[in-house]
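Working through the structure, step by step
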Amino acid sequence: MSSAPVIGVLALQGDVREHLTALAAADAVARPVRRPEELAEVDGLVIPGGESTTISKLAVLFGLMEPLRERIRAGMPVYGSCAGLIMLADKILDPRSGQETFGGIDMIVRRNAFGRQNESFEATVEVSGVGPVEGVFIRAPWVESVGARAEVLAEHGGHIVAVREGSALATSFHPELTGDHRVHALFVDMVRDKRAAGSR
């Protein structure tokens, strides 16, 4: 078995290239994923930022919604940033009509909670297990509440902005835009751990 895990980036919409670059820098084999057969070949998946309603619609259109839900339920490691965090939530407070999520983290999220595009900002965020990282918040959601199984990894301004539950990781901010690859390295380690556990 190759030591480098194969990690996909859901390439339907959003900042796909930046995540591919960050994963490669964190010693993963990074691939775009647009079809169910590509999803079947990866050890883990990143759901990038973008527009969560568009990602939801395109996932249905490309036949990825149910295969993705099944793999997440089966324990495939998954990481979502910004819109990706929304897609991993079991519940959205203010969903657009017809908006669906992949689920995977027992949390309730609020879309665009930190404001509109022109209210985007950067802030240093202390992430448990990683340390201080520069968080880029662009029309970012926040997590209103988490269930008993979810672990809060970071807060900003009194709001939850990073969560982990089992093999699922989510951040309100975009670490892929800063050149600091430690959050991606944490996720790559999660994928390695899951793969090692499965090979025992």
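Computed from a prediction, not measured in an experiment: that's the story for all the values here.

Counting 34 residues, the largest nonpolar core has Leu10, Leu45, Phe102 and Met107 as the members making the most contacts within it. It is helix 5 (residues 83-88) that provides the largest number of residues to this core, a total of five residues. Excluding residues within four positions of it along the chain, leucine 45 makes contact with Ile7, Gly8, Val9, Leu10, Val33, Leu39, Leu68, Met76, Pro77, Val78, Tyr79 and Phe187. Formed by 32 residues, the second largest nonpolar core is a distinct cluster that contains Val16, Val46, Val130 and Leu153.

Okay, the UniProt feature "active site" (unreviewed entry) in the protein chain next. In the UniProt entry, the feature "active site" (unreviewed entry) is given for Cys82, His174 and Glu176. On the basis of their most widely separated C-alpha atoms, the annotated residues across 95 residues gather in one place, lying no more than 10.9 Å apart. Structurally, cysteine 82 can be placed in the loop between strand 4 (78-81) and helix 5. Overall, cysteine 82 belongs to the buried group, its relative accessible area being 4%. Setting aside chain neighbours within four positions, we find cysteine 82 in contact with Gly49, Ile138, Arg139, Ala140, Pro141, Thr171, Ser172, Phe173 and His174. The residue histidine 174 is located in the loop between strand 12 (168-171) and helix 6 (182-198) in this model. What makes histidine 174 buried here is its relative accessible area of 5%. When near neighbours in sequence (up to four residues on either side) are disregarded, histidine 174 contacts Asp15, Gly49, Ser81, Cys82, Val136 and Ile138. Within the structure, the side chain of histidine 174 is placed 3.5 Å from the side chain of aspartate 15, a separation counted as a polar contact.

The rules behind these values
- Once a new chain begins, its residue numbering starts again from 1 and follows that chain's sequence as written.
- In keeping with the model being predicted, local features are shown solely for residues with a pLDDT of at least 70 and side-chain atom pairs are shown and tallied solely at 80 or more, while totals for entire chains, interfaces and linings include all residues.
- For the side-chain quantities, the full set of heavy atoms in the structure was used; hydrogens and water were omitted.
- The set of buried Ala, Val, Leu, Ile, Met, Phe, Trp, Tyr and Cys residues whose side-chain atoms join them within 4.5 Å is what this entry labels a nonpolar core.
- Note on exposure labels: buried denotes an accessible area under 20% of the residue type's maximum, exposed denotes more than 50%, and partly exposed covers the range between, all computed with a 1.4 Å probe on protein chains only.
- In this description a helix means any DSSP run of H or I spanning at least four residues, a strand means any run of E spanning at least two, and both kinds are numbered starting from the N terminus.
- Note on definitions: a residue-residue contact is assigned when non-hydrogen atoms from the two residues lie within 4.5 Å.
- UniProt positions are given in the numbering used here, feature names are shortened, and annotations may be inferred rather than shown by experiment.
- Throughout this description, a polar contact denotes any pair of N or O atoms lying within 3.5 Å of each other; where both atoms belong to protein, one of them has to be capable of donating a hydrogen while the other can accept it, and for residues adjacent in sequence the pair is counted only when both atoms sit in side chains.

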